[in-house]
Amino acid sequence: MLDRAAAVADSCAVDDIDLQILRELQDDGRLSNQELADRVGLTASPCMRRVRQLERDGVIKGYRAVVDPEAVGRGFEVLVSVEVRRERAAVEAFEAALADIPDVIEAYRLFGSPGCLLRIAVADLQAYERLWIERLTALAGVTEVNSQIIMKRIKEPRGVPVERPKGRR
């Protein structure tokens, strides 16, 4: 994974100022261009050019607000391990079906067992039970579903570390 990140950084000619820009925007994506420029030691115009280039290169994939799940009635989160038959058609059908389940807020295909890990956000235990019975266990190819209810979030997602890989200049 680090090699891919390094390859992307190299192919996009990301320099130390770009890395600073990325760190600042990950921390606060609502910074004005002028504030961002001040923080990274540029004037506004070159800063904007760099941000636009990072967007065009796909280094910056987008901007979003971080919403409090409790405030929107989705404070009950569950990590769900799912086993799917190891057949291409079953895996593809399962992954396509996940796109139609808005309660699944993250999904990962894994090496080994379990084959898939989901993060689900719903209102409460009853809502999760309904989702489990009506949707998750009913998906084609699913052979096993195991749930781990999140007791407490210890560390919030804050983006990826943005630094030059060791040994690269």
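Residues numbered from 1 in each chain as written. Predicted model: local features only at pLDDT ≥ 70, side-chain atom pairs only at ≥ 80, totals over all residues. Heavy atoms only, no water.

Colleague: Just checking my understanding: could you explain the overall build of the protein for this structure?
Modeller: Helices and strands together make up the secondary structure of the protein, namely six helices and four strands. Helices (α) and strands (β) of the protein occur, in sequence order from the N terminus, as α-α-α-α-β-α-β-β-α-β. Radius of gyration (C-alpha) of the protein: 20 Å, far over the 15 Å computed for a compact globule of 169 residues. When the backbone C-alpha atoms are referred to their principal axes, the protein occupies close to 55 × 35 × 25 Å. (Helix = DSSP H or I, 4+ residues; strand = E, 2+ residues; numbered from the N terminus. Rg over C-alpha atoms; globule rule 2.2 N^0.38 Å.)

Colleague: Could you clarify how one ought to interpret the nonpolar core in this entry?
Modeller: Core analysis: the largest hydrophobic core is formed by 22 residues, its most contacted members being Val80, Val82, Phe94, Leu98, Leu118, Ile120 and Tyr128. Going through the elements one at a time, strand E1 (76–84), helix H5 (88–98), strand E3 (116–122), helix H6 (125–136) and strand E4 (142–149) are the ones with two or more residues in this core. Counting residues per element, this core draws most heavily on E1, at five residues. Once residues lying within four places of it in the same chain are set aside, the contact partners of Val80 are Cys116, Leu117, Leu118, Ile120, Tyr128, Leu136, Val145, Asn146, Ser147 and Gln148. If you look at the next biggest cluster of nonpolar residues, it comprises 15 residues, including Ala37, Leu42, Ile60 and Val162. (Core = buried A, V, L, I, M, F, W, Y, C linked by side-chain atoms within 4.5 Å. Buried < 20%, exposed > 50% of the residue type's maximum accessible area, 1.4 Å probe, protein only. Contact = heavy atoms within 4.5 Å.)

Colleague: Hey, could you run me through H5 in this one?
Modeller: The α-helix winds at 3.6 residues per turn, so residues separated by three or four positions along the chain end up facing the same way. The complete set of buried residues in H5 reads Ala90, Val91, Phe94 and Leu98. Taken down its axis, H5 places every buried residue within 95° of arc, on the same side. Opposite the buried face of H5, by more than 90 degrees, sit the exposed residues Arg88 and Ala89. (Arc of directions from axis to C-beta.)

Colleague: Could you clarify how one ought to interpret the environment of Ser147 in this entry?
Modeller: By secondary structure assignment, the location of Ser147 is in strand E4. Sequence spacing of Ser147 and Leu79 is 68 residues, and the spatial spacing of their C-alpha atoms is 5.9 Å. Beyond its immediate sequence surroundings of up to four residues, Ser147 is in contact with Val78, Leu79, Val80, Tyr128 and Trp132. Within polar-contact distance, the side chain of Ser147 engages the side chain of Tyr128 at 2.5 Å. (Polar contact = N/O pair within 3.5 Å; in protein donor to acceptor, adjacent residues only side chain to side chain.)

Colleague: I would appreciate a short explanation of the domain arrangement of the protein in the present structure.
Modeller: The extent of an interface is frequently quoted as the accessible surface area lost upon association of the parts. By domain assignment, the protein separates into domain 1 (16–57) and domain 2 (69–149). One C-alpha centre belongs to domain 1, the other to domain 2; they are set 37 Å apart. (Domains from an automatic or database assignment.)

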